[in-house]
Each structure stands twice: as structure tokens, then as C-alpha cells.
Amino acid sequence: MLKSYYEILNVAPSATKIEIKNQYRKLVRIYHPDINPTAEAERLFKEINKAADILLDDEKRKNYDKFRSKNKVGYSRNSSNYTFSDLFKTKKEKLQQPVSKDGEDIIVSIDIDFSEAFLGTYRVVNIARSMICPKCGGHKFVNGNKCSYCDGLGEKILKRKITVKIPPSVKDKTKLRIKGEGQFGVNGGKNGNLYVVVNIEKNDELKIKDGIVYYTAQISPYCAILGGNITVPTLWGQAVIKIPPLTKANQSFKLIDVGVLNEKTNKKGDEIVKILIQIPSKITDEEIELYKKLNEINKKNSNAKYG
Ligand SMILES: [Zn+2]
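Since the structure is predicted, the reported quantities are computational estimates derived from the model, not experimental observations.

Criteria and thresholds
Residues numbered from 1 in each chain as written. Predicted model: local features only at pLDDT ≥ 70, side-chain atom pairs only at ≥ 80, totals over all residues. Helix = DSSP H or I, 4+ residues; strand = E, 2+ residues; numbered from the N terminus. Buried ≥ 20, exposed ≤ 12 C-beta atoms within 10 Å, placed from the backbone. Contact = placed C-beta atoms within 7 Å. Pairing = 2+ DSSP bridges. Axes fitted to C-alpha atoms, helices over the stretch in contact; angles between N-to-C directions. Core = buried A, V, L, I, M, F, W, Y, C linked by C-beta atoms within 7 Å. Domains from an automatic or database assignment.

Colleague: For this particular structure, what's the right way to read the overall build of the protein?
Modeller: In terms of helices and strands, the protein carries 9 helices and 15 strands. Burial status across the protein gives 17% buried among its 307 residues. Pairs at least 24 residues apart make up 59% of the contacts formed inside the protein by residues separated by at least 6 positions.

Colleague: Just checking my understanding: could you explain the sheet that holds strand 1 (residues 106-112) for this structure?
Modeller: Consider a sheet: its strands pair through backbone hydrogen bonds, and that pairing is either parallel or antiparallel. Reading across the sheet, the 3 strands line up as 1-7-6 and stay open at both edges, with mixed pairing between neighbours. Every other strand in the sheet has two partners, leaving strand 1 and strand 6 (174-178) as the edge strands with one partner each. Strand-to-strand twist across the sheet, computed as the mean angle between neighbouring axes with direction ignored, equals 25°. Summarising the sheet, strand 1 and strand 7 (residues 194-200) pair through 7 bridges and their orientation is parallel. When the sheet's bridge partners are listed, S109 is paired in strand 7 with V197.

Colleague: Looking at this structure, I do not really get the sheet that holds strand 15 (residues 271-277). What am I missing?
Modeller: Taken in spatial order, the 4 strands of this open sheet run 8-9-15-12, and their pairing is mixed. The sheet terminates laterally at strand 8 (207-209) and strand 12 (252-255), the two strands that pair on one side only. For this sheet the average axis-to-axis angle between neighbouring strands, irrespective of direction, equals 30°. Here 4 bridges tie strand 12 to strand 15, and the two strands are oriented antiparallel to one another. When the sheet's bridge partners are listed, K254 is paired in strand 15 with I272.

Colleague: Mind showing me how you'd approach unusual backbone geometry here?
Modeller: Residues other than glycine predominantly adopt negative phi, and peptide bonds predominantly adopt the trans conformation. Of note in the backbone geometry, S169 takes a positive phi value of approximately 60° without being a glycine. Inspection of the secondary structure assignment puts S169 in the loop between strand 5 (155-166) and strand 6. One non-glycine residue, K173, lies in the positive phi region at around 65°. Within the secondary structure, K173 sits in the loop between strand 5 and strand 6.

Colleague: For this particular structure, what's the right way to read the environment of H139?
Modeller: When you line up the elements, H139 lands in the loop between strand 2 (121-132) and strand 3 (141-142). Note on H139: 24 C-beta atoms within 10 Å, which makes it buried. With 106 residues separating them along the chain, H139 and P33 place their C-alpha atoms 9.0 Å apart. Aside from chain neighbours lying at most four places away, what touches H139 is V28, H32 and G154.

Colleague: Quick question: what am I supposed to make of the environment of P134 here?
Modeller: On the secondary structure map, P134 appears in the loop between strand 2 and strand 3. In this structure, the C-alpha to C-alpha distance between P134 and G154, residues 20 residues apart in sequence, is 8.7 Å.

Colleague: Please explain the nonpolar core as it appears in this structure.
Modeller: One broad trend across soluble globular proteins is that nonpolar side chains are buried collectively. Core analysis: the biggest nonpolar cluster contains 23 residues, and L9, Y24, L27, Y31, I48 and A51 have the highest contact counts within it. Of all elements in the fold, only helix 1 (5-9), helix 2 (17-31) and helix 3 (39-55) reach the threshold of two or more residues within this core. Take this core: its biggest share by element is 7 residues, from helix 3. Formed jointly, this core draws a minimum of three residues from each of two domains, domain 1 (5-96) and domain 2 (106-200). Leaving out residues up to four positions away in the same chain, I48 has contacts with I8, L9, Y24, L27, V28 and Y31.

Have a look at this one:
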């Protein structure tokens, strides 16, 4: 025997529209999939919505009543049939304890550069969290009509900007956890977490070992012999080094207070700059003449010294 829409909503065929609405809302709060995520509840939820759609519309209800009296729908109750009110009772325990669900985690990734990774930095991340619609309470319907606020989705998307602090000396692919900033939990369930995955952009210039920064600077032979100023990168920006005359290849210079910050002592470490002398790949005739002259002077000086 088919159940009538009145039986589905557990109301008398003579029920007023307000009574039907109230009963409908009561049942939605029980069988909504977010509250009661079982297959049976889902099936009932669909039935309830269909019944409410008909019975809360005057025209549809009138037509339905006509059809019902002709076809005797729901007039006789078969004891072997599972009526709605029976189901209501067997589900009672569940009804008293709505199922709580923890919110899912949100994972975002950010890119930072090499110095930021060592110095620590901040990033603002944009996240979108869905929350149960405050108007319909996630029921998708208000007074039997599709909720206009959430367009019948039962949820709203909340956008949020979160400032994430990236600690100094962070490693590549570190997952930072921001507790409770994931998706919202349902029915007392915990919020998910926000995870920020930190990607560090590669930097081949600066290397760090045991808290000391290393850099290799290439200088011209003229600079090596005559001396001069060169600019080198550090974690904190550019620094100028004074290269003294007659600097040799592989000679190192120490830059103080431009290295990795020691959080305990609040002091910065050193940067070691190693010098490489770059021989030019092209040379002009004029330069060749000058080098020949230099070579002769050099020979003459050596002979004078040793001969
Ligand atoms: Zn809504």
C-alpha cells in the first residue's frame, strides 16, 4: 500500500498549512543528510520534501486530495507495512544524538624565496570555507520553499584572509598547521585545520652550511691585481666588499653580521665570500700589446731580482 503524503509527514489529512509546515521543519531537522547521513534517512528526506512540496502548495494539495479520494491512497493501513510513525520511533535514539562530523582540512601552498626561508616571513593566504546556511540552517528549504539565501544549497561560502607566520630557518616543503582554520565541523564536530605547505625557491648563489652562508664571487684579473669594490648578495640584501690589490684566487673574505639569525642570541652569523678570478674569453689587440708589455716588465723585474 502506498503511503499518502499526509502519512509521510505524519499529519492528519485535515491538518492546517501551519501544522504541516511545522511538522515538515521538524522532520527536516531529523532526516537532513548533514544531520543523519544514512541511506534510509536520505530516502526519507526526499519523500518528506516531495510531500511538503505538494501539501504546502494550495493548488497542488487540492489536486492531490482529489486524486487521493479517487484512488484511495493511504486510506487503509497494512500492519506489515512500515508506516512513517513506526520509523519515527525506531530512529528515535538517533534523533536525540545528531551525528557530528569534523570539518575537513584545507591545504594551500605558498612560495617564498631563499632569504625569506632563513629569515622568516609572513604570507597572507586566501581560503574559502563553506558553512551551514544561517537562514535555512542547512535544510535547503524555508517554510517549504527553496532557501533564497543559499539558493537551496544549504551552505554558504565564507572567504577569509589569514596571515601566516613562516618561522626563520624553515625547510622546503614544511607543512605549517593552523589549527581550526579548515572547514567547519557539523553538529559539534571539530573544525578542520589549515595546512600551509612552504615551497622554497631554489637559489644557487648562496649556500648555507652549519649556520654559515657561503658565496663565490668572480672578479676580473684587473680587479684581483689592482683591487676594487664588488657587490655580493647576502640574506639581507646586497653588501659591498673591498677587494685589496693582489688578491689571489680562492682567497676568502668574511662578512660579519650578515648571515643567519640565531634566534637565541639574536645575533647574525657570518658569510664567507670565496674569490674566483675570471679570465676573459675575448681580448683585444690593444690589450694583447699591454699584456706583452706587462710580461716584459715582469721578466725584467725577475732578472733584476734573481739574476
Ligand atoms: Zn539556506
